[in-house]
Structures are given as C-alpha cells and as structure tokens.
Amino acid sequence: MANPRRTIPRTDVLLADPVLAPAVERLGRDRVKAVINRAQERARQGEIPPEAVLAAALEELAALPQGGPRRVLNATGVLLHTNLGRAPLSAAATAALTAAAGTTDVELDLATGRRGRRGRAALAALAAAVPAAEDVHVVNNNAAALVLAATALAAGREIVISRGELVEIGDGFRLPELLASTGARLREVGTTNRTSVADYSAALGPATGFVLKVHPSNYRVEGFAGTPDVAGLAPLCERAGVPLVADAGSGLLRPDPLLPAEPDAATWLKAGAGLVTASGDKLLGGPQCGLLLGRSGLVDRLRRHPLARALRVDKLTLAALEATLAGPRPPVHAALHARPADLLERARALAARLTAAGVPAEAVETDGVVGGGGAPGVRLAGAAVAVPEGLAEALRAGEPAVLGRVEHGRLLLDLRALAPADDEAVYGAVTAARER
Ligand SMILES: *Cc1c(COP(=O)(O)O)cnc(C)c1O
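Computed from a predicted structure; not experimentally measured.

Cut-off values and rules
Residues numbered from 1 in each chain as written. Predicted model: local features only at pLDDT ≥ 70, side-chain atom pairs only at ≥ 80, totals over all residues. Heavy atoms only, no water. UniProt positions renumbered as here; feature names shortened; annotations may be inferred. Helix = DSSP H or I, 4+ residues; strand = E, 2+ residues; numbered from the N terminus. Pairing = 2+ DSSP bridges. Axes fitted to C-alpha atoms, helices over the stretch in contact; angles between N-to-C directions. Buried < 20%, exposed > 50% of the residue type's maximum accessible area, 1.4 Å probe, protein only. Contact = heavy atoms within 4.5 Å. Domains from an automatic or database assignment.

**Student:** In this structure, what is going on with the UniProt feature "modified residue: N6-(pyridoxal phosphate)lysine" (unreviewed entry) in the protein? I would like to understand it.
**Tutor:** Taking the UniProt record as the reference, the feature "modified residue: N6-(pyridoxal phosphate)lysine" (unreviewed entry) is found at Lys 282. Relative to the helices and strands, Lys 282 is located in the loop between strand E11 (275–279) and strand E12 (290–294).

Set out below in structure tokens:
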C-alpha cells in the first residue's frame, strides 16, 4: 500500500495555491500556514484523505473570525458609552484616519521640506475653535492632560482642591490618586458639600503649584451645597499669582443650550481659567485624546516638559481630531440634538416593520442620558422599540452586535445614540436574532 504521507500536499505548494491567496491577504501567511499544518496532520492521522487537505484548510479558514474589534450598534440610550468606545467618529474623521494610516506630513512642512510642528493642522483647528485660548496642546486623554499639568506645574508642591471635587470618574479611576501619583501633594479645602473662596484663600502659599477646579461630571450634589465656580476663583488666583487649572471633562468647546449645566472651554477661559483640560471623545465627538487650552506661558511649560513626549498622540488621533474640529459636525452632536418626535416616529416605523415580520415589538417613549461622565441628571427625552427580553443574548452575538437595555422585563432598543441610517441594520439584526 502506498504511504499516504507521500501523497499529502506540501506546505509550500499549498501556500502558493491561488485559492488560498485571499486568506493569506486577510489573515497573514503565518495563520494560514498553521491551518494548513493542522489539515495535513489530520491526513497523516488518517482522518481525511490526502486529497482533501486543501478543502479542509479552506473550510477552517472560512470559519475563522476576522479578528479585530466587533461592530456594536449602541441601542442603550447612553450617548457616550465608555464600554463601547465613547464617541463614534464622523465619516470625515474616519476618512482622515485612513489617509493618515500611511506616511503623512504629520511633522513635516512640505513647502520648505523642513521639520514642522507635530500635528499643527489639528492644533490650528483646535485654536480656531476656541479663540479665547492663547495656545493649545493635545495629549492621549484627559487623564494624561491632568498628569502633565500636575507634573509640570506642581510636582513636589501643592494642588489646592475642594473636598467636593475629589471625584472618581469610573472603573476605579480616582482623580486624587492620579494627581498624587505625579508627586504633587493635594491640599484639600472646604467640605464635601460646601467650599468658599476664603477656604481656597487660606490654603494658598509659597508651596502652591496651582488651584484645581474639577467639574463633577458624573454626579450632582443637591441641597445645602455650594462652591465657587471658575469666575469666582479667578480673581483670587490672579492676585496670588497662582495658575487656575480647570478640568471640564466633557469636551464642550462652546456652550450647548441643551446642556446648560455642562461647562465649556471658551466660557471657562473667558472667566479667567489659566488652563482648561477636556476629553476629545466625549461631547466633542472625536477620537480619544486630552485637550489642553489656555494661557501661552502655561501651555508652553507643559509642551516643553519631558513627560509631554511620553503622552503625545499619534498621527491617527491628530488626523481624526482635525477632521472632527474642522469638518462636518460629528454623530454625537446629531444624536444629542435629535428631536424626541423624530425619534418616536423612527421607533414607530421600526416597531411596525418588526411586528409585520412576526416579532412582538412596540414603540415606547423613554429617556436617554449623555453618559461617559457628562451631564448627570439630564434626561434626554426620546424613544425606543421594546422587544422580548429573550432576544438580548442573540442580539449581542449578531453581526453587527446590538446592545440594548433591559427594563421591566423587556429589551429596549433605544434610538437616541443611533443614526437614522442604523435603523435598517437594527431591523435586520432583530429579525436574524429571532431565528437563532
Ligand atoms: C471623563 C473625565 C476625565 C477623564 O477623561 P479621559 O479622557 O477618560 O482620561 C477626567 N475628568 C473629568 C471631569 C471627566 O469627566
């Protein structure tokens, strides 16, 4: 009997087979080779005939997951869902990412052929968006912006902060611990619910690095409560010659009438903040990054600090940020400002189609929230499609996955954070989930 090993096709021959070329392109040579080797081994063991090796490899390759992040439709009603990557990028920002993926002029002035300031187009777009800022800088996220400010302006010295602003942002991320990790000491003033300008004033001295105002993004103190805002603290800091740093969190650059309690960079700078920090992937609707805006002397000290190099953003982020700032308004803006009546109309249309397809569905009015550490207590009146709770798991397993929220024994698919163009995909996902 012929030795079957002899007739098993060789690895290099199989790898060169044109039918495997798309798999090599998609998954890389090493992964395809590993799959081929497994099929060859099965043939050696007599599980499959030698001539079936190529077909077995193809079958396994077709079943391999693509890898990379999976697309999730955000039907939670939480506009900025940290577990879903916060803000979805605009089409313009996504195109900019793709363009930036190659080699670019991120740090080169093509007119002169000399080195240029890194990300100057993104920095210029940010400066143009907030004329009240004398200078701007961008780092990896808002946490990095605070670390840079604390290190450059207060290492070995004191950061004066109200006890009511020693906040935890989420998932164990505590601002006081982050600041203390830089070697700055926290000088706590006032109480949890009340702090006065006099409390701050009494704490200022030669050891002061800066005064920090933190916007309590994700909670509210109600009742007998009060603390000076940026405008209330600025004159004191000015007199004492101490920088006033203000962490706005959400990344609004200008006031938004829909969120009157949410701070914005322009208002705080005009009110006298020396430096404002914010996230790029919250209400600004851009990529993850930390924005630093303020007086040129302060921004310059941060930019020149050695730590700045470790916190610098990559070319992809800079490209997406520039497109977010200078291009069309991002999806987060549209979703935040979607009108309740329009959302309800979409929910009704979707529910009617689902019902016609045999899925019990009903349009309901419901409130969404900003989320992502922003606008606590603000309810965004909107609408959802209620479907049976039992579909939740199958919807999470689908492609794209759909994440809703379970309420009173039903699964609500909230349309607040979804673009109208996503409704079709939600319909497809629900009908497919019902069949699974
Ligand atoms: C969200 C938030 C942060 C953290 O920002 P990241 O960009 O996630 O690092 C810090 N401070 C405030 C007030 C926030 O709301």
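Let us keep going from here.
**Student:** Explain the sheet that holds strand E14 (residues 380–388) here, please?
**Tutor:** The strands that make up a sheet pair up through hydrogen bonds in the backbone, lying either parallel or antiparallel. Overall, antiparallel pairing links the four strands, which are arranged E13-E14-E17-E16 in an open sheet. Of all the strands in the sheet, the pair left with one neighbour each is strand E13 (362–368) and strand E16 (405–407). Ignoring strand direction, the axes of neighbouring strands in this sheet form an average angle of 45 degrees. Looking at chain direction, E14 and strand E17 (residues 410–414) are connected through five bridges and run antiparallel. Residue pairing for E17: Ala 386 is matched across the bridge by Leu 412.

**Student:** Looking at this model, I keep getting lost on the environment of Ala 96. Mind explaining?
**Tutor:** Tracing the sequence through the fold places Ala 96 in helix H6 (residues 91–100). Of the residues examined, Ala 96 reaches a relative accessible area of 18% and is grouped as buried. Excluding residues that lie within four positions of it along the chain, Ala 96 makes contacts with Ala 319, Ala 320 and Ala 323.

**Student:** Just to check I follow, could you spell out the domain arrangement of the protein for this structure?
**Tutor:** Many authors give the size of an interface as the accessible area that is lost as the parts come together. Segmenting the protein into domains produces domain 1 (9–62), domain 2 (72–84 + 334–435) and domain 3 (91–328). Here the C-alpha centroids of domain 1 and domain 3 sit 53 Å apart.

**Student:** What is the right way to look at the sheet that holds strand E10 (residues 244–249) in this model?
**Tutor:** In space, the seven strands of this open sheet follow the order E4-E12-E11-E10-E9-E5-E8, with mixed pairing throughout. Of all the strands in the sheet, the pair left with one neighbour each is strand E4 (135–139) and strand E8 (185–189). Averaged over all pairs of adjacent strands, the angle between strand axes in this sheet comes to 25 degrees, irrespective of strand direction.

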